[in-house]
Amino acid sequence: MKLLIKNGVVVTENKEIKADILLNGKTIEKIAPDIKNVKDVCETIDANGKHVLAGIIDMHVHLREPGFEGKEDIESGCKAAVKGGVTQVCCMPNTNPVCDNAVVATYIKHRAEEVNLCKVNPIGSITKGQNGESLSDIGKMKAAGVVAISDDGKSVSDSQIMRLAMEYANDFDLKCLCHCEDGSLVDGGVVNEGYNSTLCGLKGSLRAAEDIMIARDIALSESLDIPVHICHVSTYSGAALIKSAKERGVKVTAETCPQYFILTDDIITSYDTNTKVNPPVREEKDKQAIIRALKDGTIDCIVTDHAPHSLKDKQVEYNLAAFGISGIETSFALSYTYLVKSGLMTLGELSEKMSRNPAKILGLDGGELKEGAAADLTIVDLNEKYVIDGNKFVSKGKNTPFNGFEVYGAVKYTIVNGEIKYKA
Ligand code: DOR
Ligand code: ZN
Ligand code: ZN
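Residues numbered from 1 in each chain as written. Chains lettered and ligands numbered in written order. Predicted model: local features only at pLDDT ≥ 70, side-chain atom pairs only at ≥ 80, totals over all residues. Heavy atoms only, no water.

**Remarks on the coordination of the zinc ion (ligand 2)**
Part 1: Protein coordination at the zinc ion (ligand 2) comes from D152 (OD), H179 (ND1) and H232 (NE2), with a distance range of 1.9 to 2.1 Å.
Part 2: Coordination at the zinc ion (ligand 2) comes from four donor atoms whose angles at the metal span 83 to 126°, giving a geometry best classed as irregular.
Part 3: All donor residues of the zinc ion (ligand 2) come from one chain, and their arrangement in sequence is D-x26-H-x52-H.
Part 4: Distance-wise, the zinc ion (ligand 3) is placed 3.5 Å from the zinc ion (ligand 2), both being coordinated by D152. Residue D152 is found in the loop between α3 (138-144) and α4 (159-171), and its partner H179 is found in the loop between β9 (176-178) and α5 (183-186); the two are separated by 27 residues along the sequence. (Donors = N, O, S within 2.8 Å, 3.2 Å for Na, K, Ca; no water. Tetrahedral: all angles 85-135°; square planar, octahedral: opposite > 155°, others 65-115°. Helix = DSSP H or I, 4+ residues; strand = E, 2+ residues; numbered from the N terminus.)

**Observations regarding the site of ligand 1**
Part 1: Contacts to ligand 1 come from 13 residues, most closely from R64, N94, H179, N278 and F323.
Part 2: In this structure, an oxygen atom belonging to ligand 1 sits 3.4 Å away from a side-chain N or O atom of H62.
Part 3: Contacts to ligand 1 include H179, whose side-chain N or O atom sits 3.1 Å from an oxygen atom.
Part 4: A total of 290 Å² of accessible area belongs to ligand 1 in isolation, and the protein chains cover 93% of it.
Part 5: Classifying every residue of the shell around ligand 1 by side-chain character gives three nonpolar, seven polar and three charged. (Near = heavy atom within 4 Å. Polar contact = N/O pair within 3.5 Å; in protein donor to acceptor, adjacent residues only side chain to side chain. Areas by Shrake-Rupley, 256 points an atom, 1.4 Å probe, with all protein chains shown as cover. Nonpolar A, V, L, I, M, F, W, Y, C, P; charged D, E, K, R; others polar.)

**Brief notes about the environment of N170**
Part 1: Considering the arrangement of structural elements, one finds N170 in helix α4.
Part 2: We classify N170 as partly exposed; its relative accessible area is 30%.
Part 3: Ignoring any residue separated from it by four or fewer positions in sequence, one finds N170 in contact with I226 and P227. (Buried < 20%, exposed > 50% of the residue type's maximum accessible area, 1.4 Å probe, protein only. Contact = heavy atoms within 4.5 Å.)

**Re the coordination of the zinc ion (ligand 3)**
Part 1: Looking at the zinc ion (ligand 3), one finds its protein donor set to be H60 (NE2), H62 (NE2), D152 (OD) and D305 (OD), positioned 2.0 to 2.1 Å from the metal centre.
Part 2: Considering all four donor atoms around the zinc ion (ligand 3), angles at the metal cover 86 to 179° and the coordination shape is irregular.

**What about unusual backbone geometry?**
Part 1: At the junction of E65 and P66, the peptide bond is cis and its omega measures out at 5° in the coordinates.
Part 2: Structurally, P66 can be placed in the loop between β6 (56-61) and α1 (74-83).
Part 3: Cis peptide bonds are those with omega within 30 degrees of zero, and the linkage from N278 to P279 qualifies with 0°.
Part 4: Along the chain, the position of P279 falls in the loop between α9 (258-262) and α10 (284-296).
Part 5: At R64, a position not held by glycine, the phi torsion is positive, near 70°.

**Quick notes on the pairing of strand β15 (residues 377-387)**
Part 1: Strand direction decides the pairing type here: strand β5 (residues 51-54) and β15, joined by four bridges, are antiparallel. Within β15, the residue paired with L53 across the bridge is T378.
Part 2: As paired strands, β15 and strand β16 (residues 406-416) are joined by eight bridges and run antiparallel to one another. Residue L377 lies in a different strand from β16, and its bridge partner there is I415. (Pairing = 2+ DSSP bridges.)

Below, the structure written as structure tokens:
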């Protein structure tokens, strides 16, 4: 089946050109000005006035299935993904049962195939049941299709276990995705420790709780010469650790999320539990440093850490509420508005952070707009403005701190494997 996209502005790393794109099944067949007289074109999309990007790849989401379908399931999560312009996700293993074996990984892949919306890559856990003690069936999970391993939700506190995990995973060509948090130092903290935590009477968590684990995982990576990926960087000091490690040639990559380059912990003074996320939103100097780190390449990619929760998990007092933000439907518009429209980076650079680099880091198919690449595309209208309203999310998780934010960059079409999976 062929699909022709006419008159859009095609965005690649360093240029934006007006061109047509012909998709043939799962592959981009041709990118050229004014493609015509094509036989067997099933559908033509008029992308005049719109921008065509490599499909967005969100390498850090929580789909909650199996086990927490009240928060999200693979179907609702994939619907939310394609609405957000996301063509491919990698889902974290903190489900119930934990994705620590080939059976759960296979289940997720099968269910995603039935749902047939975006591509879904399971991430296996580092340790069995995420207990931090014994390694999961890493080789068998790799054979079942996991693309990385992570104990996301917490760190592996035992450094020897982490070392063994990195070595073992590396033998299977898998990376560890490190949620960096020293649990003993967090000690029940629910927000960033600083002026606002004191003002609000909420228990804080130091930057050091994150930085210590970033430093440890960089040290392991450097000593072992094994690549490592740091999840959701939120501190200025963590970004500095990664920058200097990269300067020494350490094989470290890193991600951040819109909440860390858009918000500051001033938002917690509302006591809105939708602002509760782990790591916590920090202060202005962190936000500015995260933006700089995105610009200078210290932080390679933007992910959502899409963490949907049910109302009952959030409509409780701040200390008891679940950590997490439902982010997959708003990540493109927020990133576009705050990074590109504000003049901090080009659309091509944003596309690198949201598509190309995640694909490179995990060795995934996609992330590029060129002939012969996967026919995964996101078509956006950069001039269309809207106001974020979590109640309109298709995700089961309505938990966003961005309610009322006015953003530009509406997703118009999401195309996966040459098929339209979402149309606004
Ligand atoms: O805010 C968070 N939510 N951070 C995490 O590390 C886990 C996630 C979740 O699973 O809800
Ligand atoms: Zn995490
Ligand atoms: Zn996460």
